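# Fold and geometry: a report
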Amino acid sequence: MSKIHVSTTVNGDPVEFLCEPQQTLLDVLRDELQLTGSKEGCASGDCGACSIELDGRLVCSCLVLGAEAEGRDVETVESIAVGDTLHPVQAKILEHGALQCGYCTPGFVVAAKALLDRNPDPTETEVRYWLAGNLCRCTGYDKIVGAVLDAASEMRGETS
Amino acid sequence: MRFEVADTLEGAASLLAGEQGVAHVLAGGTDLLVQLRAGMVKPDLVVDIKHIEATRTISESDGAYTIGAAVAGAEMGEHRTLASDWPGVTEGAELIGSTQVQGRASMGGNLCNASPAADSVPALIAAGATCTVVGPGGTRDVAVADIPTGPGSNSLGQGEFVATINLPKKAANSSDAYLRMIPRTEMDIAIVGAAANVTLGDDGTIMAAKIVLGAVAPTAIEVPEAGAALVGTKADDDALAAVAAACEAAAKPISDKRGSADYRKKVSGVLAKRAAKIAFDRASGNA
Ligand SMILES: Cc1cc2nc3c(=O)[nH]c(=O)nc-3n(C[C@H](O)[C@H](O)[C@H](O)COP(=O)(O)OP(=O)(O)OC[C@H]3O[C@@H](n4cnc5c(N)ncnc54)[C@H](O)[C@@H]3O)c2cc1C
Ligand code: FES
Ligand code: FES
């Protein structure tokens, strides 16, 4: 079975790769492009550890075929910090101690940033619903939600 | 497995029809990729239909909507007028999965995957929606209610697929609603879904009503007795009690880990009653 040649854009850079027809975009990112920030927790769309943006839309990369990335724009967790400067969501997750094992963190970072890009002033309920597709087995969520709300207020220029 | 991208409806139909083995359409992939991974489906061919203009767009003409079968739930929610004209249809589609799943999951996939609990289907049936089916023999319009035939099976023929889902022009003084019951707050499969669509006469009395239940039979079912119980009323307590009784009688649910058959029957009545009341209030301009 011949592989599929795909030309796409990942984190702003033009990228080409070969993939199997049934290979997921998550597997392509991790195994072909060595972008291992996106994690596989469930491979069934339930946990959100593989969250990415595809043409500006938050999706689970485990539910996208690699071949579907042709001509699209893929943004992964690796694009979120600028050089050594963390995005406020990342900085606040650290500050609040909103992680333990850290396996879920990249997915939460991508999903929370996608929320704040659209809604700079979410309520706690809005944050919890938006992040309902991101599972964390360690923290109990409170610190993550607190970190996201704190990042939002910092990004709005309010002192916290 | 081969992967092909179709650019036109005819192109997709001929790819699908030309496959000797198992062919699957790929819309949002939120069912298909899970099933692929689990080995539940072993397609020889997958045809991505998301590059076809007609399957990807929502258009409105003289009040009637044509929604591309592969349009994602999130795109429906963002549409300027769809959510206000058809709040029940939109809330059904938007209940599917998480934010991430919403970015991909389509009504076409929800319908053709044919889960009895598919959240977008009851409100579409209550709305009297049709779908445009394209296949090697041409194009035909089919009632949404006639697509699912049982859990995981649909009435589409070899090489056929759903191109668009079509909502008729909304009647004056009408509205709709969809509610579901899940054991958790988010991210679960409905144990009951209930859609209502009501149309009021000039005096504010219901002159037509449809109630449709999901997850309590092999496919979504319309309950004509429940709709009839609302006609001529203003959704008062007696009428709503009759709706609930009709739905409890019509529901033929299974028992599983999410809920017993008895519980599902009871909840069918409760949700149908509430959905009818919401649709009535919306149609009256009080919601
Ligand atoms: C985490 C998670 C949560 C979920 N929660 C819900 C929920 O709350 N409620 C709910 O109802 N569902 C839920 N689902 C199931 C799924 O997301 C929906 O059924 C969704 O609408 C499927 O649409 P899709 O575009 O992703 O379909 P796909 O996966 O692309 O396709 C599904 C099936 O239909 C076929 N198909 C797709 N489009 C067409 C077409 N136009 N013509 C003919 N055949 C077609 C495919 O070949 C495939 O067999 C959930 C799934 C996940 C992973
Ligand atoms: S790995 Fe994609 S949602 Fe869990
Ligand atoms: S920190 Fe361990 S899963 Fe979230």
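Here we come to the overall build of chain A. Within chain A, the regular secondary structure consists of five helices and five strands. From first element to last, N terminus to C terminus, chain A shows the α and β order β-β-α-β-β-β-α-α-α-α. Computed over the C-alpha atoms, the radius of gyration of chain A is 16 Å, within 12% of the 15 Å expected from 2.2 N^0.38 for a compact globule of 160 residues. Its C-alpha atoms put chain A at 55 × 30 × 25 Å along the principal axes. Looking at chain A as a whole, 51% of its 160 residues qualify as buried. Sequence separation of 24 or more characterises 57% of the internal contacts of chain A that already satisfy a separation of 6 or more. For chain A, the accessible area works out to roughly 7,100 Å², and carbon and sulfur atoms hold 50% of it. Across chain A, the 12 positively charged side chains and the 25 negatively charged ones have centroids separated by 5 Å.

Now for the site of ligand 1. What surrounds ligand 1 is a group of 36 residues, the closest being Val-25, Thr-30, Asp-31, Ser-106 and Asp-119 of chain B. Those chains with residues close to ligand 1 are chains A and B. One of the backbone nitrogen or oxygen atoms of Leu-32 of chain B is found 2.7 Å away from an oxygen atom of ligand 1. Take Gly-97 of chain B: an N or O atom from its main chain is 3.2 Å from a nitrogen atom of ligand 1. Relative to its free-state accessible area of 980 Å², ligand 1 is covered by the protein chains to the extent of 91%. Among the elements that line the shell around ligand 1, the one with the most residues is helix H8 (residues 107-113) of chain B, at five residues.

This part is about a nonpolar patch on the surface. On the surface, Leu-86, Leu-94 and Leu-99 of chain A cluster together into a nonpolar patch covering about 250 Å² of accessible area. By relative accessible area, Leu-99 of chain A is classed as partly exposed at 31%.

All names here are of chain A. When its domains are assigned, chain A resolves into domain 1 (4-78) and domain 2 (88-155). The distance between the C-alpha centroids of domain 1 and domain 2 comes to 22 Å. Opposite the 16 residues of domain 1 that make contact, domain 2 presents twelve residues. Between domain 1 and domain 2 the total buried area reaches about 1,100 Å² when both faces are included, carbon and sulfur atoms providing 59% of it. At the boundary of domain 1 and domain 2, one finds one salt bridge. Residue Arg-118 is joined to Glu-53 by a salt bridge in which the shortest nitrogen-to-oxygen separation is 3.4 Å. Run the count over domain 1 and domain 2 and you get six residue pairs in polar contact (both at pLDDT 80 or more). At the level of secondary structure, the elements contributing two or more residues to the side of domain 1 that touches domain 2 comprise strand S3 (51-54) and strand S4 (57-60). Among the elements that make up the side of domain 1 that touches domain 2, the one with the highest residue count is S3 (three residues).

Right, let's get into the side chain of Thr-55 of chain B. Residue and element names in this part refer to chain B. By the element assignment, Thr-55 lies in helix H3 (residues 53-56). For Thr-55, a relative accessible area of 0% corresponds to the buried category. A polar contact of 3.0 Å, which involves the side chain of Thr-55, links it to the backbone oxygen of Ile-52. For Thr-55, the residues in contact, after removing those within four places along its chain, are Leu-9, Ile-49, Lys-50, Gly-68, Ala-69, Ala-70, Val-71 and Ala-163.

With that out of the way, let us pick up the packing of helix H2 (residues 88-95) of chain A against helix H5 (residues 142-155) of chain A. Residues and elements named next belong to chain A. Viewed as axis vectors pointing N to C, H2 and H5 meet at an angle of 130 degrees, and their least axial separation amounts to 8 Å. One finds that H2 runs oblique with respect to H5. Crossing of H2 against H5: the hand is right-handed. Of the residues in H5, those in contact with Pro-88, Val-89, Lys-92, Ile-93 and Glu-95 of H2 are Ala-147, Asp-150, Ala-151, Glu-154 and Met-155. Tallied by class, residues from the contact of H2 with H5 come to six nonpolar, no polar and four charged.

Right, let's talk about the environment of Ile-221 of chain B for a bit. Residues and elements named next belong to chain B. Structurally, Ile-221 is set in strand S14 (residues 221-222). Accessibility expressed as a relative area gives 21% for Ile-221, which makes it partly exposed. Residues Ile-221 and Ala-194, spaced 27 residues apart in sequence, show a C-alpha to C-alpha distance of 9.7 Å.

Helix packing for two helices is described by the angle between their axes and how far apart those axes are. All names here are of chain B. In the contact formed by helix H11 (residues 237-250) and helix H12 (residues 261-283), the axes pass within 8 Å of each other and the chain directions differ by 140 degrees. Judged by the angle between their axes, H11 and H12 are oblique. Two packed elements cross with a definite hand, and for H11 against H12 that hand is right-handed. When H11 is examined against H12, the residues Leu-240, Ala-241, Val-243, Ala-244, Cys-247, Glu-248 and Ala-249 are found in contact with a partner set consisting of Lys-265, Lys-266, Ser-268, Gly-269, Ala-272, Lys-273, Ala-276 and Lys-277. Its residues assigned to classes, the contact of H11 with H12 comprises eight nonpolar, two polar and five charged.

Quick look at the environment of Val-223 of chain B now. Residues and elements named next belong to chain B. As for its placement among the helices and strands, Val-223 is situated in the loop between S14 and helix H10 (224-230). Taking the C-alpha atoms as reference points, Val-223 and Cys-247, 24 residues apart in sequence, are found 6.5 Å from one another. When near neighbours in sequence (up to four residues on either side) are disregarded, Val-223 contacts Ile-211, Leu-213, Ala-246, Cys-247 and Ala-250.

Moving on to H2 of chain A. Residue and element names in this part refer to chain A. For H2, the complete set of buried residues consists of Val-89, Gln-90, Lys-92 and Ile-93. On an axial view of H2, the arc spanned by its buried residues comes to 170 degrees, and they lie on one face. Of the residues in H2, the exposed ones pointing more than 90 degrees away from the buried face are Leu-94 and Glu-95. Looking at the packing, one finds that the buried side of H2 touches helix H3 (105-118) and H5. Immediately beyond the C-terminal end of H2, within one or two residues, lies Gly-97, with a positive phi of roughly 60 degrees.

About the criteria used
Per-chain numbering applies: the sequence of each chain, read as written, is numbered from 1 onward. Labels follow written order: the first chain is A, the first ligand is 1, and so on. This being a predicted model, a pLDDT of at least 70 is required before a residue's local features are given, and a value of 80 or more before pairs of side-chain atoms are given or counted; all residues contribute to the totals for chains, interfaces and linings. Hydrogens and water molecules were not included; the side-chain quantities draw on all heavy atoms of the structure. Secondary structure elements follow DSSP: runs of H or I no shorter than four residues count as helices, runs of E no shorter than two count as strands, and numbering proceeds from the N terminus. Using C-alpha atoms as the atom set, the radius of gyration is obtained and then compared with a globule rule of 2.2 Å times the number of residues to the power 0.38. For every residue, the accessible area obtained with a 1.4 Å probe (protein chains only) is divided by the maximum for its type, and the residue is called buried under 20%, exposed over 50%, and partly exposed between those limits. Contact definition: two residues touch when any of their heavy atoms are within 4.5 Å. Per-residue and other accessible areas were derived by the Shrake-Rupley procedure at a 1.4 Å probe size, with only the shown protein chains allowed to occlude residues. Neither His nor the chain termini are counted; the positive set is Lys and Arg, and the negative set is Asp and Glu. All charge positions are set by atom: Lys at NZ, Arg at CZ, Asp at CG, Glu at CD. Here a residue counts as near a molecule or strand whenever at least one of its heavy atoms sits within 4 Å of it. Counted as a polar contact is a pair of N or O atoms within 3.5 Å, where, for protein atoms, one must be capable of donating a hydrogen and the other of accepting one, and residues adjacent in sequence contribute only when both atoms are in side chains. Exposure above 30% relative accessible area and the absence of a salt bridge qualify a residue for a patch, where like charges join within 9 Å and nonpolar side chains (Val, Leu, Ile, Met, Phe, Trp, Tyr) within 5 Å. A pairing counts as a salt bridge when a side-chain nitrogen of Lys or Arg comes within 4 Å of a carboxyl oxygen of Asp or Glu. Domain start and stop points were drawn from an automatic or database domain assignment. By definition, the buried area sums, over both parts, the 1.4 Å-probe accessible area that each loses when the two are put together. Orientation is described by lines fitted to C-alpha atoms, with helices fitted over the stretch in contact, and by angles between N-to-C directions that extend from 0 to 180 degrees. Working rule for angles: under 35 degrees goes down as roughly parallel, over 145 as roughly antiparallel, 65 to 115 as roughly perpendicular, anything else as oblique. For a crossing to be left-handed, the near helix must be turned anticlockwise from the far one by less than a right angle; the clockwise case is right-handed. Nonpolar residues are Ala, Val, Leu, Ile, Met, Phe, Trp, Tyr, Cys and Pro. Charged residues are Asp, Glu, Lys and Arg, and all others, Gly as well, are polar. Think of the arc as the fan of directions from the helix axis to the C-beta atoms.

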